[in-house]
Amino acid sequence: AKVHRGAFDAVSTVCIAMCATVLWAVFRTLDKMDEFVRHKFKDHPAISAEYIKFLAVNSGHEIS
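An account of the accompanying structure is given in this report. On a predicted model such as this, the values are computed, not experimentally measured, just so you know.

What counts and what doesn't
- Residues numbered from 1 in each chain as written.
- Predicted model: local features only at pLDDT ≥ 70, side-chain atom pairs only at ≥ 80, totals over all residues.
- Heavy atoms only, no water.
- Helix = DSSP H or I, 4+ residues; strand = E, 2+ residues; numbered from the N terminus.
- Buried < 20%, exposed > 50% of the residue type's maximum accessible area, 1.4 Å probe, protein only.
- Patch = residues over 30% accessible without salt bridge, like charges linked within 9 Å, V, L, I, M, F, W, Y side chains within 5 Å.
- Areas by Shrake-Rupley, 256 points an atom, 1.4 Å probe, with all protein chains shown as cover.
- Salt bridge = Lys/Arg side-chain N within 4 Å of Asp/Glu carboxyl O.

Our focus in this paragraph is the overall build of the protein chain. Scanning the protein chain from terminus to terminus reveals three helices and zero strands. Secondary structure elements in the protein chain, listed N-terminal to C-terminal, are α-α-α. Counting all 64 residues of the protein chain, 3% fall into the buried class.

What follows deals with a nonpolar patch on the surface. A cluster of nonpolar side chains, namely Val14, Met18, Val22, Leu23, Trp24, Val26, Phe27 and Leu30, defines an oily patch on the protein surface of about 830 Å² accessible area. Topologically, Phe27 is positioned in helix α2 (residues 13–38). A residue is classified by how much of its surface remains accessible, and Phe27, at 41% relative accessible area, is partly exposed.

To continue, consider the pattern of salt bridges. Opposite charge on two side chains allows them to pair when their charged atoms are near. Summed over the entire model, instances satisfying the criterion amount to four salt bridges. Between Arg38 and Asp34 there is a salt bridge whose closest N-O contact spans 2.8 Å. In this pair, Arg38 and Asp34 both sit in helix α2, four residues apart, roughly one turn of the helix. Using a relative accessible area of 41% as the deciding quantity, one classes Asp34 as partly exposed. One salt bridge connects Glu50 with Lys53, and the closest N-O pair in it is separated by 3.0 Å. Linking Glu50 with Lys53, this pair stays in helix α3 (residues 45–57), spanning three residues, or about one helical turn. A relative accessible area of 47% places Glu50 in the partly exposed class.

Listed below in structure tokens is the structure:
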């Protein structure tokens, strides 16, 4: 029991806060991925905006 208590004391509140931050980031990522799936990826606003930029840059016309 003494060894377990020592290990428990070694975990600082900073470490616990960092773990909570990482867990929250994972949850947000899952929310965003769900958003992409709902829009069937290609219809997501982020994808369409990037696609328009890509088409503008790669239009095949030289700008002088």
